[in-house]
Amino acid sequence: MTRARYNIAIIGRTGVGKSTLINTLLGRRVAATRAGRPVTAVGFHRHDFDLRGTPTTLFDSWGLESGRAEEWKGMLVEELRLRSPEKPPETWFHTVLYCVGAGGLRVEPFELAILSELAAENYRVLVVLTKADQATREELETFTEVLDEQGGGVAAVIPVCAEQKETLSGPTALMGIDELKLDIFRGFWAAVADRLPAR
């Protein structure tokens, strides 16, 4: 009998902190991080770990870059096709983390369309506001309201700071990581159940 496996995809623009988030979620450095230019190769890259006793694979993805949106979407669509409801449930992406940098707090219409399409295909989508220490509480609340109105079925919006470091304005502290892990874990069976009717 195949043991249940939870697959999580992390997608979003280049430079929003996906690799840092992955390293923090896994508790070890598996993804390269660097300011200024893309560091993740084209495609999806798997990292296995244990999430509260559940075998879990986290798929890091090439970041969405300016001028390459169609190429990026094509890569995403092809990967989702390989993990359609007709395939065994242990191969699906059960939860999709869409990362948005809190420093800019902008989601382009193209990104909103992606979120809506994912939700329409019964993917459980969590929007992760990375680098949340760069935004005010009011900005985060306003952005969450916009996503609730236009995000097309996003399950939750979770602000996180995935890195402790010294900045010009002082040190940053980890925040939101435990909440994100808990939300991911609690959503596992719901994510499977949501896609079963399509199967």
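A. Representation of the confidence of the model for the protein. Mean pLDDT for the protein: 82, with 87% of residues reaching 70 or above. In this model, residues 35-39 is a region of pLDDT below 50 whose contacts with residues beyond four sequence positions or in other chains number 6 contacts.

B. Expanded view of the sheet that holds strand E1 (residues 6-12). Within the open sheet, the 6 strands sit side by side as E2-E3-E1-E4-E5-E6. Their pairing is mixed. Edge positions in the sheet fall to strand E2 (44-51) and strand E6 (156-159), since each has one partner strand and no second. On average, each strand axis in the sheet is tilted by 25° relative to the strand beside it, whichever way the strands run. Strand direction decides the pairing type here: E1 and strand E3 (residues 54-61), joined by 5 bridges, are parallel. Residue Asn7 lies in a different strand from E3, and its bridge partner there is Thr57.

C. Fine view of the packing of aromatic side chains. Per the stated rule, a full pass over the model turns up 3 aromatic pairs. An angle of 40° between the planes, with centres 5.6 Å apart, marks the rings of Phe44 and Phe93 as tilted. Separated by 49 residues along the polypeptide, Phe44 in strand E2 and Phe93 in the loop between helix H2 (69-81) and strand E4 (95-101) bring together distant segments of the chain. Phe44 sits in the buried class, given a relative accessible area of 15%.

D. Local environment of the pairing of strand E5 (residues 124-130). With 7 of 7 residues buried, E5 is to be regarded as a mostly interior element. Side-chain alternation along E5 places Arg124, Leu126, Val128 and Thr130 on one buried face and Val125, Val127 and Leu129 on a second face that is also buried. Pairing between E4 and E5: 7 bridges, direction parallel. Considered in E5, the bridge of Cys99 is made with Val128. You can see the chain leave E4, run along helix H3 (residues 109-120) and come back into E5, and the turn it takes is right-handed. Across 4 bridges, E5 lies against E6 in parallel orientation. Bridge pairing in E6 places Val127 opposite Val157.

E. Spatial organisation of unusual backbone geometry. You will see that Arg52, though not glycine, has its phi angle at about 50°, which is positive. Take Arg52: it is sitting in the loop between E2 and E3. With phi around 55°, Lys131 is a residue other than glycine that occupies positive phi space. Tracing the chain through its elements places Lys131 in the loop between E5 and helix H4 (137-150).

F. Region of interest: the packing of H2 against H3. Interaxial distance between H2 and H3 falls to 12 Å at its minimum, and their mutual angle equals 10°. The angle between the axes of H2 and H3 places the two elements in the roughly parallel class. Across from Ala69, Glu70, Trp72, Lys73, Leu76 and Leu80 in H2, the residues of H3 making contact are Phe110, Ile114, Glu117 and Leu118. Split into classes, the residues belonging to the contact of H2 with H3 amount to 7 nonpolar, no polar and 3 charged.

Cut-offs used in this document
As a convention, each chain's residues are numbered from 1 in the sequence order in which they are written. Side-chain atom pairs in this predicted model are given and counted only at pLDDT of 80 or more, local residue features only at pLDDT of at least 70, and totals for whole chains, interfaces and linings cover all residues. Working from all heavy atoms in the structure, the side-chain values ignore hydrogens and water. Per-residue confidence from the predictor is reported as pLDDT, which spans 0 to 100. Residue contacts follow a heavy-atom distance rule, with two residues in contact if any of their heavy atoms lie within 4.5 Å. Strand pairing follows a simple DSSP-based rule, namely that at least 2 bridges must link the two strands. Helix and strand definitions follow DSSP, with helices as H or I runs of at least four residues and strands as E runs of at least two, each counted in order from the N terminus. Think of each axis as a best-fit line through the C-alpha atoms, taken over the contacting stretch in the case of a helix, with angles from 0 to 180 degrees between the N-to-C directions. In summary, the pairing rule links any two rings of Phe, Tyr or Trp, Trp by its six-membered ring, whose centres are within 6.5 Å, and it sorts them by plane angle into stacked for under 30 degrees, edge-to-face for over 60 and tilted for everything else. Think of it in three bands: with a 1.4 Å probe and only protein chains considered, a residue is buried below 20% of the maximum accessible area for its type, exposed above 50%, and partly exposed in between. Handedness of a crossover is defined as follows: with both strands directed away from the viewer, a clockwise route from the first strand across the helix to the second makes it right-handed. Every angle not falling under 35 degrees, over 145, or within 65 to 115 is termed oblique; those three ranges are roughly parallel, roughly antiparallel and roughly perpendicular. Only Asp, Glu, Lys and Arg are considered charged in this grouping, and only Ala, Val, Leu, Ile, Met, Phe, Trp, Tyr, Cys and Pro are considered nonpolar; every other residue, Gly among them, is considered polar.

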